[in-house]
Amino acid sequence: MTHSPTVRSFWDETTGSWQYVFHDPATMQGAIVDPVLDFDPRAAAVTTENAEAILGYIRDTGITVAWILDTHPHADHFSAAHWFKTRLGAPQAIGAKVTEVQALWKDIYNLGDEFPTDGSAWDRLFADGDTFMVGNIPVQVMFSPGHTLASITYVAGDAAFVHDTFMMPDSGTSRADFPGGSSATLYGSLMRILSLPDDTRLYVGHDYAPDGREARCCATVAEHKAHNIHLCDAPGEAAYRAIRDARDATLPLPKLMLAALQVNTRGGRMPPAEDNGRSYLKIPLGYFEPR
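Residues numbered from 1 in each chain as written. Predicted model: local features only at pLDDT ≥ 70, side-chain atom pairs only at ≥ 80, totals over all residues. Heavy atoms only, no water.

Student: Please provide a residue-by-residue account of the pattern of salt bridges, values included.
Tutor: Tallied over the full model, the rule gives eleven salt bridges. Between Arg124 and Asp130 there is a salt bridge, with the nearest N and O atoms lying 3.6 Å from each other. The shortest N-O distance in the salt bridge between Asp248 and Arg244 comes to 2.7 Å. Placement of both Asp248 and Arg244 in helix H6 (residues 237-248) is noted, with a separation of four residues, approximately one turn of the helix. The exposure class of Asp248 is buried, given its relative accessible area of 3%. (Salt bridge = Lys/Arg side-chain N within 4 Å of Asp/Glu carboxyl O. Helix = DSSP H or I, 4+ residues; strand = E, 2+ residues; numbered from the N terminus. Buried < 20%, exposed > 50% of the residue type's maximum accessible area, 1.4 Å probe, protein only.)

Right, here's the structure in full:
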């Protein structure tokens, strides 16, 4: 039995997002993590170039997809999770705290009683510590909030899909200033992830390729302990929060955030069509301060 999955990464340069397929090479069962739907904000057009590339890889490799996994509702891209479910039939899953994110953004968007906040857009809501199998690979769910209320990490054998907690070591860690975010909570999540074995591969959700280097997606726990620019000096919580909060105060909101959250809190579904058969996105004017 092997506990080391094969991981294939897919980078969406437009949003700087990493998407993953991991599988057990012994059984060829696998899972998709945080797939991206393409969205052109100027035309409000949704396309599937990223998803089609992942689907082609799955079919060419002969992987049977057992799960479609979200780490959290994303603010910078549309989720392709539901698109994959309609084509592969695999269940969608996310952390149980997604219901709190749904309630928060239901209020921001003023969505009304027709918008459910019970997590029913997903087939499974994972609790902290839940485990499941992908072939012979044991997967443990680790709650890792701070970036959002609902963020989780999937620890699949010796690979952990940490999404918006760590960045690559030369970029540090992820922002914690979205509604429901907290740098204090994020610090606790980072420390918990760093308690994994040193050779655990941490697969991040984003890379913006600083200084013109090639985009990267993976570093080990040991590499983050030694080289992560926000953590290598082993700061305490107060020192880390000062670094994180100061950085977050300089960051603009993601350009797709107000569009993406009303799709991603529905598990990647578009808003219900109106009487003309077309879906529409709502923009809450004046809710956020300009940056």
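Student: Residues and numbers for the sheet that holds strand S6 (residues 64-69), please.
Tutor: Pairing within the open sheet is mixed, and its six strands lie in the order S1-S2-S3-S6-S8-S9. Each edge of the sheet is formed by a strand with only one pairing partner; in this case those strands are strand S1 (6-12) and strand S9 (124-126). With direction set aside, neighbouring strand axes in the sheet form an average angle of 25 degrees. Bridge analysis of strand S8 (residues 92-95) against S9 gives three bridges, and the strand direction is parallel. Pairing of Ala93 across the sheet is with Arg124, part of S9. Packed on one face of the sheet, helix H1 (residues 49-61) meets S1, strand S2 (17-23), strand S3 (29-33) and S6 and runs near 15 degrees to S2. With respect to the sheet, helix H2 (residues 81-88) is in contact with S3, S6 and S8, its orientation differing from that of S6 by roughly 155 degrees. (Pairing = 2+ DSSP bridges. Axes fitted to C-alpha atoms, helices over the stretch in contact; angles between N-to-C directions. Contact = heavy atoms within 4.5 Å.)

Student: Describe the nonpolar core, and please don't skip the residues or the numbers.
Tutor: In terms of nonpolar packing, the biggest core is built from 41 residues, with Phe22, Leu69, Phe132, Tyr154, Phe161 and Phe166 touching the most fellow members. Formed by 23 residues, the second largest nonpolar core is a distinct cluster that contains Tyr57, Phe78, Ala80 and Trp83. (Core = buried A, V, L, I, M, F, W, Y, C linked by side-chain atoms within 4.5 Å.)

Student: I'd like a rundown of the sheet that holds strand S7 (residues 78-79), residues and numbers included.
Tutor: With respect to topology, three strands assemble into an open sheet ordered S5-S4-S7, the strand pairing being antiparallel. Of all strands in the sheet, those bounded by a partner on one side alone are strand S5 (45-47) and S7. As defined by bridge partners, strand S4 (residues 36-40) adjoins S5 across three bridges and the pair is classed as antiparallel. Within S5, the residue paired with Asp40 across the bridge is Ala45.

Student: Help me get a handle on the environment of Pro271, residues and values and all.
Tutor: Relative to the helices and strands, Pro271 resides in the segment after helix H7 (257-264). The class for Pro271 is buried, based on a relative accessible area of 8%. Between the alpha carbons of Pro271 and Lys282 there is a distance of 9.5 Å; along the sequence they are eleven residues apart. Setting aside its immediate chain neighbours within four residues, Pro271 contacts Val263, Arg266, Ser279, Tyr280 and Leu281.

Student: Run through empty space enclosed by the protein, naming residues and quoting values.
Tutor: In the structure shown here, the tally under the stated rule is one cavity of 30 Å³ or more. Of the pockets and cavities examined, the largest cavity occupies roughly 90 Å³. Around the largest cavity sit Pro73, Ala75, Val101, Leu104, Trp105, His147, Thr148, Leu149, Phe178, Pro179, Met257 and Leu261, which together line it. By residue number, the principal contributor to the lining of the largest cavity is helix H3 (residues 98-109), which donates three residues. Each residue belonging to the lining of the largest cavity can be placed in one class, and the counts come to ten nonpolar, two polar and no charged. (1 Å grid on protein atoms, 1.4 Å probe; cavity = no way out; pocket = protein on both sides within 12 Å on 5 of 7 lines; lining within 4 Å. Points joined across faces, edges and corners; volume = space filled by probe spheres on them. Nonpolar A, V, L, I, M, F, W, Y, C, P; charged D, E, K, R; others polar.)

Student: Describe the pairing of strand S12 (residues 152-156), with residues and values.
Tutor: Of all five residues making up S12, five are buried, and the element is well covered by its neighbours. Sheet topology note: the strand S11 (residues 137-143)/S12 ladder contains five bridges and is antiparallel. Along S12, the bridge assignment pairs Phe143 with Ile152. Where S12 meets strand S13 (residues 159-163), three bridges bridge the pair, whose relative direction is antiparallel. Among the inter-strand pairings, Tyr154 is bridged to a residue of S13, identified as Phe161. In this structure, the hairpin formed by S12 and S13 is closed by a connection of two residues, where Gly157 is found at a positive phi of approximately 60 degrees.

Student: Outline the packing of H1 against H2, supporting the account with residue identities and numerical values.
Tutor: Running from amino to carboxyl end, H1 crosses H2 at an angle of 40 degrees, the nearest separation of the two axes being 11 Å. In this view, H1 runs oblique relative to H2, as classed from their interaxial angle. Where H1 crosses over H2, the two elements pack in a sense that is right-handed. Judged by residue contacts, Ala51, Glu52, Ile54, Leu55 and Ile58 of H1 engage Trp83, Phe84 and Leu88 from H2. For the contact of H1 with H2, a count of residues per class yields seven nonpolar, no polar and one charged. (Parallel < 35°, antiparallel > 145°, perpendicular 65-115°, else oblique. Left-handed = near helix turned anticlockwise from the far one by under 90°.)

Student: Lay out the state of the cysteines in plain terms, naming residues and giving numbers.
Tutor: Within the structure shown, the criterion is met by zero disulfides. Free of any disulfide, Cys218 has its nearest neighbouring cysteine sulfur in Cys217, separated by 5.8 Å. Overall, the relative accessible area of 28% leaves Cys218 in the partly exposed class. The thiol of Cys232 is unpaired, and the distance to the nearest cysteine sulfur, on Cys218, comes to 18 Å. (Disulfide = S-S within 2.5 Å.)

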